Amino acid sequence: MQAGLLRDWVEIQQETVERDQLGGETRKWETILRTRARIQDKSGDLKEENREAVFTAIKNVSIRYRPGITRNMRLAWGGENYRILSIDRNRKNMSWDIKCELINE
C-alpha cells in the first residue's frame, strides 16, 4: 500500500458496556485505533422512510493491516459514524478493505 494514498484520519471504535451501582447498563463507544486511511465513495441515496428523508452513503475505506478489527466495531470520520458492513483482507497490499455505511442518528 502506498503511504501517499492514506490521506484521511479515521478512528475505529468498539462498544463497551459499563454497569452502574444498581446494575443498569450504559453503552458507549471507545476509540481503540486511530490511523490513516484512503476513503472512496461507493454509493449514496436519499430515501423516504416514515415520511422522513434518510440519506444513505456507502464508502470503501482502506487501512494498513491491523489484527483485531471486526464487524462489531464502527468507524468514525469527518464527525460522522459508519457501520462496518464487511472487511476484506488484501494480502497483496497488506491492508484491510472495509465497506461501511453511514449511521443516521
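Residues numbered from 1 in each chain as written. Predicted model: local features only at pLDDT ≥ 70, side-chain atom pairs only at ≥ 80, totals over all residues. Heavy atoms only, no water.

**Student:** Would you mind showing me how to read the pairing of strand 5 (residues 80–90) here?
**Tutor:** Remember that side chains alternate between the two faces of the sheet whenever the strand is regular. Note that strand 4 (residues 74–77) and strand 5 share four bridges and pair antiparallel. What sits directly across from Ala-76, in strand 5, is Asn-81. In this antiparallel pair of consecutive strands, strand 4 and strand 5, the connection spans two residues, and Gly-78 shows a positive phi of 60°. Judged from the eight bridges that link them, strand 5 and strand 6 (residues 95–102) form a sheet pairing that is antiparallel. Bridge pairing links Ile-87 to Ile-98 in strand 6. Between strand 5 and the antiparallel strand that follows it, strand 6, lie four residues; Met-94 among them carries a positive phi value of about 50°. (Pairing = 2+ DSSP bridges. Helix = DSSP H or I, 4+ residues; strand = E, 2+ residues; numbered from the N terminus.)

**Student:** I tried to follow the nonpolar core on my own but got confused; where do I start?
**Tutor:** Burial of nonpolar side chains together is a common tendency in soluble globular proteins. Counting 18 residues, the largest nonpolar core has Val-61, Ile-63, Ile-69 and Ile-98 as its most contacted members. If you list the elements that add at least two residues to this core, you get strand 1 (8–19), strand 2 (25–49), strand 3 (52–64), strand 5 and strand 6. Considering every element that reaches this core, the biggest residue donor is strand 6, with four residues. In contact with Ile-63, other than residues within four places in its own chain, are Met-1, Val-10, Thr-35, Arg-36, Ala-37, Ile-69, Ser-95, Trp-96 and Ile-98. (Core = buried A, V, L, I, M, F, W, Y, C linked by side-chain atoms within 4.5 Å. Buried < 20%, exposed > 50% of the residue type's maximum accessible area, 1.4 Å probe, protein only. Contact = heavy atoms within 4.5 Å.)

**Student:** Please explain the confidence of the model for the protein as it appears in this structure.
**Tutor:** Segments scoring low in pLDDT should not have their predicted coordinates read at a detailed level. Chain-level statistics for the protein give a pLDDT mean of 90 and a share of 100% at 70 or above. In the model of the protein, strand 3 stands out as the element of lowest mean pLDDT, 89, in contrast to strand 4, which has the highest, 96. (pLDDT = per-residue confidence, 0-100.)

**Student:** Would you mind showing me how to read the side chain of Ser-62 here?
**Tutor:** In this fold, Ser-62 is placed in strand 3. In this structure Ser-62 comes out as buried when scored by relative accessible area, which is 11%. Within the structure, Ser-62 has its side chain in polar contact with the side chain of Asp-97 (distance 3.0 Å). Not counting chain neighbours up to four residues away, the residues in contact with Ser-62 comprise Met-1, Leu-6, Arg-36, Ala-37, Arg-38, Trp-96 and Asp-97. (Polar contact = N/O pair within 3.5 Å; in protein donor to acceptor, adjacent residues only side chain to side chain.)

**Student:** Looking at this structure, how should I read unusual backbone geometry?
**Tutor:** Glycine aside, negative phi is the norm for most residues, and most peptide bonds take the trans geometry. Even without being glycine, Arg-51 reaches a positive phi, approximately 60°. As for its placement among the helices and strands, Arg-51 is situated in the loop between strand 2 and strand 3. The phi dihedral of Met-94 falls on the positive side, at around 50°, and the residue is not glycine. Take Met-94: it is sitting in the loop between strand 5 and strand 6. Overall, Met-94 belongs to the exposed group, its relative accessible area being 60%.

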